[in-house]
Amino acid sequence: ISMLEMFGVFENTPMHEAKRFIALGGKKVSTKWVKELRSGEKRARFVGREFKSKEMIDDLFSPASGASTDRYIGYFAAKQKTRVMLIDARNAYFHADEEEIIFRNPPPEYLQMLREQGKDTNILWRLKKQLYGRRRAGQKFNEYAKDVLVNKMNFLQCEVVPSLYKHEDMGL
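A few points on the structure. (Residues numbered from 1 in each chain as written. Predicted model: local features only at pLDDT ≥ 70, side-chain atom pairs only at ≥ 80, totals over all residues. Heavy atoms only, no water.)

1. So, helix α3 (residues 67-80)
Here is the rule we go by: Secondary structure elements follow DSSP: runs of H or I no shorter than four residues count as helices, runs of E no shorter than two count as strands, and numbering proceeds from the N terminus. Helices are assigned an expected span. That span is 1.5 Å times one less than the residue count.
The end-to-end C-alpha distance of α3, which contains 14 residues, comes to 20 Å, matching closely the 20 Å that a straight helix rising 1.5 Å per residue would cover. One or two positions beyond α3, positive phi appears at K81, with a value near 55°.

Dropping the structure here:
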């Protein structure tokens, strides 16, 4: 929960206000904790559960490279004596803004914390950032990453493999 707060993933919204937004076309998505053991460390991820709906969404493309592409790029860079930088963003989706009006119930642990602080628990979370499990989350993160790399850091995006970027001045 502390990571969600740190990245500003949600804002508390009084229940009556959230219901008004939902009635005007906002969505409410369910969520759950996904727990896993990775490298001997317990990890938990709070994910949105957005299931297929009646509306057909066919523009969910999100560029990504696979292991074979990464190996080829490494080989090509070594032959050209060019540097390669691979980026893996922690909590990647929390960087990408949520553009839709989306609400969800806070987890019980958060409501318990509010009770202990004497605060109102008759709330929903309005999502301000993407949650893992949202259908457009990967696409929205890639749009965010492209904006940072191209517009702020002057990288050029590869037209053929959109998950690859090049920076002439840095030799990357």
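Next comes the rest of the description.
2. Focus: the environment of K32
Positionally, K32 belongs in strand β3 (residues 30-38). As a C-alpha pair, K32 and F46 span 14 residues in sequence and 5.9 Å in three-dimensional space.

3. Some details on the sheet that holds strand β2 (residues 27-28)
Worth spelling out the cut-off: A pair of strands is labelled paired if DSSP reports no fewer than 2 bridges between them. Here, two residues are considered to be in contact whenever any of their heavy atoms come within 4.5 Å of each other. Fitting a line to C-alpha atoms yields each axis, with helices limited to the stretch in contact; the angle taken between N-to-C directions then spans 0 to 180 degrees.
Pairing in this open sheet of 4 strands is mixed, and the strands run β1-β6-β5-β2 from one edge to the other. The outermost strands of the open sheet, each flanked by one partner alone, are β1 (10-14) and β2. Here β2 runs beside strand β5 (residues 102-104); their pairing, made up of 2 bridges, is parallel. From the neighbouring strand, K27 faces β5, where its bridge partner is I102. This element, helix α2 (residues 15-23), spans β1, β2, β5 and β6 (123-127) of the sheet and lies at about 100° to β1. Lying over the sheet, helix α4 (residues 108-116) contacts β1 and β6, oriented at roughly 125° with respect to β6.

4. Some thoughts on the pattern of salt bridges
Side-chain pairs of opposite charge can arise where the charged atoms are in close proximity. The test is simple: Throughout this description, the term salt bridge denotes a Lys or Arg side-chain nitrogen within 4 Å of a carboxyl oxygen of Asp or Glu. Relative accessibility thresholds used throughout: buried, under 20% of the residue-type maximum; exposed, over 50%; partly exposed, between the two (1.4 Å probe, protein chains only).
Applying the stated criterion across every chain, the model contains 9 salt bridges. Note that E100 and R134 form a salt bridge whose closest N and O atoms lie 3.0 Å from each other. Pair noted here: E100 is in the loop between α3 and β5 and R134 is in the loop between β6 and α5 (137-152), with a separation of 34 residues, a long-range link. Residue E100 is classed as partly exposed on the basis of its relative accessible area, which comes to 28%. According to the relative accessible area criterion, R134 is buried, its value standing at 4%. A cluster of three or more residues bridged by salt bridges with shared partners is formed by K27, E98, E100 and R134.

Treat this as a map of the structure, not an account of what it does.
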